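So the chains spell out like this:
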Amino acid sequence: MTYFSYLEVSNNNSIKTYTKIPYIISAIILTIFAGIRVAQGADYWTYFQLYIVSNQYIKWNEIWENTNLEPSYILISKVLGSWRMPFFTLLLTYACIAIPLKTFTFYKISPYPFFTLLFYYMSYFFFQEMGHIRQGVSIAFCLFSYQFIAQKKLFYYLFFVLLGYYFHKATIIFLPAYWIANMNISTIQSMLLIGLSIIISPFQPYNWFGDLFNSLSEKDMVSSAFNSYQSLEEAGFSITDIVKIIFLAIIFISDKYNVHTNPDKNYMKIRNLVVVYYCIYYAFRENIIFSVRLPVCYDAFFGILLAIMIKNSKSTFSKYLLYSCIVIYLYLFSIRFWENAQKLGFDRFNTIFSENYNNTYFIPYKFAD
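From a predicted model like this one, the values you see are computed outputs, not experimental measurements.

Cut-offs and rules
Residues numbered from 1 in each chain as written. Predicted model: local features only at pLDDT ≥ 70, side-chain atom pairs only at ≥ 80, totals over all residues. Heavy atoms only, no water. Helix = DSSP H or I, 4+ residues; strand = E, 2+ residues; numbered from the N terminus. Rg over C-alpha atoms; globule rule 2.2 N^0.38 Å. Buried < 20%, exposed > 50% of the residue type's maximum accessible area, 1.4 Å probe, protein only. Contact = heavy atoms within 4.5 Å. Lys, Arg positive; Asp, Glu negative; His and termini not counted. Charge placed at Lys NZ, Arg CZ, Asp CG, Glu CD. Salt bridge = Lys/Arg side-chain N within 4 Å of Asp/Glu carboxyl O. Polar contact = N/O pair within 3.5 Å; in protein donor to acceptor, adjacent residues only side chain to side chain. Patch = residues over 30% accessible without salt bridge, like charges linked within 9 Å, V, L, I, M, F, W, Y side chains within 5 Å. Areas by Shrake-Rupley, 256 points an atom, 1.4 Å probe, with all protein chains shown as cover. Core = buried A, V, L, I, M, F, W, Y, C linked by side-chain atoms within 4.5 Å. Axes fitted to C-alpha atoms, helices over the stretch in contact; angles between N-to-C directions. Parallel < 35°, antiparallel > 145°, perpendicular 65-115°, else oblique. Nonpolar A, V, L, I, M, F, W, Y, C, P; charged D, E, K, R; others polar. Expected span 1.5 Å × (residues − 1). Left-handed = near helix turned anticlockwise from the far one by under 90°. Phe/Tyr/Trp six-rings, centres within 6.5 Å; stacked < 30°, edge-to-face > 60°. Lys NZ or Arg CZ within 6 Å of the ring centre and 35° of its normal.

Attention now moves to the overall build of the protein chain. Within the protein chain, the secondary structure is distributed over 18 helices and zero strands. At 21 Å, the protein chain has a C-alpha radius of gyration in line with the 21 Å of a compact globule built from 369 residues. Principal-axis analysis of the C-alpha atoms gives the protein chain an extent of 65 × 50 × 40 Å. Put simply, the protein chain has 369 residues, and 56% of those count as buried. Considering only contacts in the protein chain between residues 6 or more positions apart, those separated by 24 or more positions represent 79%. Side-chain charges in the protein chain split into 27 positive and 20 negative, and the spacing between the mean points of these groups amounts to 10 Å.

Counting through the fold element by element, Arg37 comes out in the loop between α2 (16-36) and α3 (44-57). Glu129 provides the closest opposite charge to the buried, salt-bridge-free Arg37, at an N-O distance of 8.8 Å. Engagement of the side chain of Arg37 in a polar contact is seen with the backbone oxygen of Ala34, the distance being 3.1 Å. One polar contact links the side chain of Arg37 to the main-chain carbonyl oxygen of Met130, over a distance of 3.4 Å.

Mapped onto the secondary structure, Ile173 falls in the loop between α8 (154-165) and α9 (177-181). What makes Ile173 buried here is its relative accessible area of 13%. For Ile173 and Val296, which are 123 residues apart along the polypeptide, the C-alpha to C-alpha distance reads 9.7 Å. Once residues within four sequence positions are removed from consideration, Ile173 is found in contact with Ile280, Leu294, Cys297 and Tyr298.

This next bit is on a nonpolar patch on the surface. Where nonpolar side chains cluster on the molecular surface, the patch consists of Ile21, Ile24, Ile25, Ile28, Ile29, Ile32, Phe33 and Phe349 and spans about 690 Å² of accessible area. Inspection of the secondary structure puts Phe349 in the segment after α18 (316-343). Among the residues examined, Phe349 registers a relative accessible area of 34% and is labelled partly exposed.

By size, the foremost hydrophobic cluster in this structure holds 115 residues, and its most contacted members are Phe87, Phe174, Tyr298 and Phe302. The dominant element in this core, judged by the number of residues it contributes, is helix α14 (residues 267-283), at 14 residues. Each residue touching Phe87, except ones within four places of it in the same chain, is listed here: Tyr44, Tyr47, Phe48, Tyr51, Tyr73 and Phe362.

On to the packing of α3 against helix α4 (residues 71-82), then. Interhelical geometry of α3 versus α4 gives an angle of 70° and a closest axis separation of 8 Å. By the angle between their directions, the pair α3 and α4 is classed as roughly perpendicular. Residues Tyr47, Phe48, Leu50, Tyr51, Ser54 and Asn55 of α3 lie in contact with α4, whose contacting residues are Tyr73, Ile74, Ser77, Lys78, Leu80, Gly81 and Ser82. Its residues assigned to classes, the contact of α3 with α4 shows seven nonpolar, five polar and one charged.

This part covers α8. Relative to the 16 Å expected for 12 residues at 1.5 Å per residue, α8 spans 16 Å between its end C-alpha atoms, a close match to the ideal helical length. Looking at the packing, one finds that the buried side of α8 touches α7 (133-150) and α9.

Orientation of α14 relative to helix α17 (residues 302-311), taken along the N-to-C sense of each, is 135°, at an axis distance of 9 Å. One finds that α14 runs oblique with respect to α17. For α14 against α17, the interelement crossing comes out left-handed. Residues Tyr267, Ile270, Arg271, Val274 and Tyr278 of α14 pack against Phe302, Ile304, Leu305, Ile308 and Met309 of α17. Grouping the amino acids of the contact of α14 with α17 by side-chain chemistry returns nine nonpolar, no polar and one charged.

With the rule as written, the count across this model stands at six salt bridges. With a shortest N-O distance of 2.9 Å, Lys102 and Glu129 are connected by a salt bridge. Residue Lys102 is located in helix α5 (residues 88-109), and its partner Glu129 is located in the loop between α6 (113-125) and α7; the two are separated by 27 residues in the primary sequence. As far as the burial class goes, Lys102 and Glu129 line up, both buried. Of the charged contacts, one joins Arg285 and Asp241 as a salt bridge, the two residues approaching to 3.2 Å between their closest N and O atoms. Residue Arg285 is found in the loop between α14 and α15 (288-293), and its partner Asp241 is found in helix α13 (residues 237-261); the two are separated by 44 residues along the sequence.

Owing to a relative accessible area of 1%, Lys102 belongs among the buried residues under this scheme. Beyond its immediate stretch of four places on either side in the chain, Lys102 contacts Tyr120, Gln128, Glu129, Gly136, Ile139, Ala140 and Leu143.

Checked against the element boundaries, Thr360 lands in the segment after α18. Among the residues examined, Thr360 registers a relative accessible area of 57% and is labelled exposed. C-alpha separation for the pair Thr360 and Arg84, spaced 276 residues apart in sequence, amounts to 9.6 Å. Within the structure, the side chain of Thr360 is placed 2.7 Å from the side chain of Asn358, a separation counted as a polar contact.

Turning next to the packing of aromatic side chains. For the coordinates displayed, the defined rule picks out 56 aromatic pairs. When the centroid spacing of 5.3 Å and the interplanar angle of 80° are considered together, the rings of Phe125 and Phe126 count as edge-to-face. With respect to burial, Phe125 and Phe126 carry one shared label: buried. Consider the rings of Phe155 and Tyr156, whose centres lie 5.7 Å apart with planes at 75°: the pair is edge-to-face. On the basis of relative accessible area, Tyr156 is assigned to the partly exposed category, the value being 43%. When the ring centre of Tyr107 is taken as origin, the NZ or CZ atom of Lys16, which lies over that ring, is 5.3 Å away. Note that Lys78 overlies the ring of Trp60, its terminal NZ or CZ placed 5.0 Å from the centroid.

Spelled out as structure tokens, the structure:
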């Protein structure tokens, strides 16, 4: 991915046509990895238990009555369970929905699809498609709905956001994205919004929404495996803040130039969505669960924004400088993630083809009806 991303940046003309095949192959490989893993990633065993429980205790006519889990997970679990399919088929199903939607959106919108794919792989893939798969799919629908935001097709946008909501309730926070993306928010206004978010953070604004975020409470959405993600955030708190400040500085320093000269009509829209991510992140800082998990559907656009900024750099030097710094950051991030990755089993990649894999153990054997 790094090699092909470099080819994209170093080529003055678009080379999407030449990199299309390796791009598709990369997406297929990621889909297979996410689908055939065994005992890797946050919530793996929690999702497996839910797969068994959905078949064992929930009847077909009760799928839409269950309020503790999105109906899509129960429905897919029961369909696959009725066919006596092992658990990995559920993981593969989710991967086959999320990754093609995301990679298609990257390829269509980003001027450097491989760069955006690299950014997604290093920053999000292991947290979403290899971890919190329900939210991973919901984010995919949010990303896919962007094309209808750009085309101002409200009905189609709402349809895909609704689909995302039935995969993970956190998608509800993406509902205003259609109007936010199409607003004319200046650099100063963006800075003021983020500053205001920091100021109101101690007042716990997530409590102002009443029971709207109940389904995202710690009891419901966090398994023991999430503690490893939480410790990663806490252990590197100051580093994380520094990184976010640096990225904000990069956006705002180049924003005025990009607003007036960027030929990419998506720049302003995607920049607005990324600014919303920072606003929610800082406003909800008093609750690490909300600040990290809620705004991820907006943060998913960051790799596209960076690609547009690199493409529209003021000079060749600044173009390569920004690209190089981000790639170095991604590799440093992966090194920092390594200790956490070991806790989540990524240091030993077990698959359904491993010798110690017992296929029958992962097949439902009791059914409610």
